[in-house]
Every structure is written in C-alpha cells, then in structure tokens.
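One-letter residues, chain by chain:
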Amino acid sequence: MVMSPEPKMQERKRKRPRAIKWETELLEIIEETPDVKTFRFEKPEGWTFIPGQFVMVFFPEVFGKANRAYSISSSPNSPYLDLTIKLYGVFTHHMWTLKEGSSWTLRGPYGHFVLDMERTNDIILIGAGVGITPLMSMLRWSTEEKIDRRFLLLYSNKTPRDIVFHEEIQMIERMNPNVTVVHTLTRLEDKLKDSWPGLTGRINAEMIREQVERWQKPGSEIATVYGCGPASMLTTMEEVMISLGWPKEEIHYEKFW
Ligand SMILES: Cc1cc2nc3c(=O)[nH]c(=O)nc-3n(C[C@H](O)[C@H](O)[C@H](O)COP(=O)(O)OP(=O)(O)OC[C@H]3O[C@@H](n4cnc5c(N)ncnc54)[C@H](O)[C@@H]3O)c2cc1C
C-alpha cells in the first residue's frame, strides 16, 4: 500500500514558493569583507522565498547552461534579493568583473534547508565564513517579525575582518533579546588576542557541546539545528548533536561545496 504523506507535510510542500527563471539588472554591490560581496537585485513582482532557500545564477553568454547556487541572504520582507558571495573560482571571478547595471539570470527559489515558520521551538545556527548567508536570512526575518523563539548563533571566521555582516549581527544581538551570538576565530593575530571578546579555534565537537549546553534552557523543547559551512564542520555538528540526544530530523545542513 502506498501511504500518502501526513497532511502537515503536504501542506508544507504546497506552501513552498514556485521557482521561476528571470533576467535582471544588478542594482548594487556591497563590499562586505576583503573577499565577500553582496550583489543586490530587485525582486520580480509577487516573487518570494522562505528564509534558507537559494537561487541558481546563470550567465548564458559566458558560461552557457552552467550555473551556480547561492543562498539568499536578505529577508523575504526586504524589497531586495541579496546574494552574498565569496570570491573563489570561475563564476565568482567573472562576477567580480561585473558592474551595477550588468545582466544576471536567476532561477529559484529552491531548497529544503528552510526555517519552519509554523514551529515555536528554539533554534541553533552553526555557520562558517560565507556559510552565514542562509542563516542570516533566517535571523533577519525572525528579528523583523519579532518571532518568539530563542536563537543561538555559533559563527566561525578566520580573522575579525572576515566576519560577514559583523556590525549587523551585533545590532541584531542588541535589538533581539532572543538572540545569543558566539563568534570564534581561527587565525586571530597575536596583537588582537587580549582584546578579542569571543572564542578562538575551529568549531569542533567540544565547542558545540559546551555552547549548546550553556545556552539551552532546562526542560525546553528540543531546538532545531541549522548548519552551513565546510563538510567537515557539518559532519562534526551532526555527530555531536546526536551524541547530545538530538533526533536526526532536528538537524539540518546546507553544503556549499
Ligand atoms: C545550495 C548552495 C548554496 C550556496 N550558497 C552560496 C553563498 O551564499 N555564497 C557563496 O559564496 N557560495 C555559495 N555556494 C557555493 C557556490 O555555488 C559556488 O560553488 C562557489 O561560488 C564557487 O563557484 P566558482 O565558480 O567561483 O568556483 P569553481 O570554479 O566552481 O570552484 C572550483 C571548486 O572549488 C570548490 N569550492 C568552491 N568554493 C569553495 C570554497 N570557498 N572553499 C572550498 N572549496 C570551494 C567547488 O566545489 C569546486 O569543486 C552555494 C552552494 C550551494 C550548493
């Protein structure tokens, strides 16, 4: 017998916004860190997405049918669609040559790495470098909507200069009492060691365990975990959370490469 999915799941599936493909002009470029930029676009009329989703980017004249995926870093409430991108290889080097007014082809939204807006349990976000993008969309939207869920953000970068959205994350932490942010740096210069208020070192099992246990409220419903960053960090994250008693269904991750 073929079982139909439970009604709630059907409902959630139905609610996913439909993907479309469109050509658009680049509105603005925002320099975030030495090798990360936000590329800003207008959204097509009526187009929306769920925090955590991504779009595919094409430059048909240059790369034909080849494309790359980029998580949307802006909130669905924003009039803009922001893609926050790290300079790396073929596509991103091309993007770095483009100016405002250049033509981009986008297709989306896609993805199941999304905030379940109907739930009320707490949320743990674990990110590294540009892996903050889908998590930032979740944080921005939840803050704007005054969502009554506690958030822990554990965010790793190389140096203070590499922290994407650093000022805005600090502002969100000040404005939103539900948000706790823990930064860690993997290449902190010696001269900054005394003044750096955060942690140092890569996100490892011990760090995740310690931060989650410190932040968790006794007796609270299990938090949903969203991780985005290198595969090794995501594997560690899943192993630690399972060892802490988390069910797999509450652990979500997005692998960029
Ligand atoms: C769902 C999804 C969402 C994504 N969202 C973002 C985003 O928001 N911002 C963003 O900058 N990127 C994001 N990426 C990665 C993006 O799709 C590209 O892979 C990236 O921009 C590199 O493309 P490129 O053409 O410049 O490099 P390529 O020429 O394709 O790079 C060559 C190789 O390097 C690997 N690679 C690419 N980037 C890195 C890196 N930083 N570190 C280590 N290895 C790497 C790739 O797997 C590839 O094998 C996302 C990927 C996925 C699957």
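Values in this document were obtained by computation on a predicted structure and should not be read as measured data.

1. Comments concerning the domain arrangement of the protein
No. 1: Domain annotation for the protein reports domain 1 (16-110) and domain 2 (123-255).
No. 2: A C-alpha centroid distance of 24 Å is found between domain 1 and domain 2.
No. 3: Residue-level contacts link 19 residues of domain 1 with 17 residues of domain 2.
No. 4: Between domain 1 and domain 2, roughly 1400 Å² of surface is buried when both sides are summed, and carbon and sulfur atoms account for 57% of that area.
No. 5: In terms of surface lost to domain 2, no three residues of domain 1 exceed P51, S73 and N77, which account for 29% of the buried area on that side.
No. 6: Taken together, the connections running from domain 1 to domain 2 amount to zero salt bridges.
No. 7: One can count six residue pairs in polar contact (both at pLDDT 80 or more) joining domain 1 with domain 2.
No. 8: Listing elements by their share of the side of domain 1 that touches domain 2, those giving two or more residues are strand 2 (28-33), strand 3 (36-42) and strand 6 (80-86).

2. Thoughts on the site of the ligand
No. 1: Taken together, 19 residues are adjacent to the ligand, and A69, Y70, G89, F91 and T92 come closest.
No. 2: Note that a nitrogen atom of the ligand is positioned 3.0 Å from one of the backbone N or O atoms of T84.
No. 3: The contact in question runs from a nitrogen atom of the ligand to an N or O atom on the side chain of Y88, over 3.2 Å.
No. 4: Coverage of the ligand by the protein chains reaches 75% of its 930 Å² of free accessible surface.
No. 5: For the shell around the ligand, the leading source of residues is strand 5 (residues 67-71), giving four residues.
No. 6: For the shell around the ligand, the per-class residue count stands at 10 nonpolar, five polar and four charged.
No. 7: In this structure, the shell around the ligand is formed jointly by two domains, domain 1 (16-110) and domain 2 (123-255), each of which donates at least three residues.

3. What to know about the environment of G127
No. 1: Inspection of the secondary structure assignment puts G127 in strand 8 (residues 123-128).
No. 2: Owing to a relative accessible area of 0%, G127 belongs among the buried residues under this scheme.
No. 3: C-alpha of G127 to C-alpha of V212: the two residues are 85 residues apart in sequence and 14 Å apart in space.
No. 4: When sequence neighbours within four positions are dropped, the list of residues in contact with G127 reads L135, L154, Y155, S156, I203, C228 and M233.

4. Here we look at unusual backbone geometry
In most cases, non-glycine residues show a negative phi, while peptide bonds are predominantly trans.
No. 1: Each neighbour pair has its own omega, and for G108 with P109 the value is 5 degrees, a cis peptide bond.
No. 2: Note on placement: P109 falls in strand 7 (residues 103-110).
No. 3: Positive phi outside glycine occurs at K146, with the angle close to 50 degrees.
No. 4: Looking at where K146 falls in the secondary structure, it is placed in the loop between helix 4 (132-144) and strand 9 (151-157).
No. 5: The class of K146 is exposed, set by a relative accessible area of 73%.
No. 6: The phi dihedral of F165 falls on the positive side, at around 60 degrees, and the residue is not glycine.
No. 7: Considering the arrangement of structural elements, one finds F165 in the loop between strand 9 and helix 5 (166-175).

Rules used in this analysis
Residues numbered from 1 in each chain as written. Predicted model: local features only at pLDDT ≥ 70, side-chain atom pairs only at ≥ 80, totals over all residues. Heavy atoms only, no water. Domains from an automatic or database assignment. Contact = heavy atoms within 4.5 Å. Buried area = accessible area lost by both parts, 1.4 Å probe. Salt bridge = Lys/Arg side-chain N within 4 Å of Asp/Glu carboxyl O. Polar contact = N/O pair within 3.5 Å; in protein donor to acceptor, adjacent residues only side chain to side chain. Helix = DSSP H or I, 4+ residues; strand = E, 2+ residues; numbered from the N terminus. Near = heavy atom within 4 Å. Areas by Shrake-Rupley, 256 points an atom, 1.4 Å probe, with all protein chains shown as cover. Nonpolar A, V, L, I, M, F, W, Y, C, P; charged D, E, K, R; others polar. Buried < 20%, exposed > 50% of the residue type's maximum accessible area, 1.4 Å probe, protein only.

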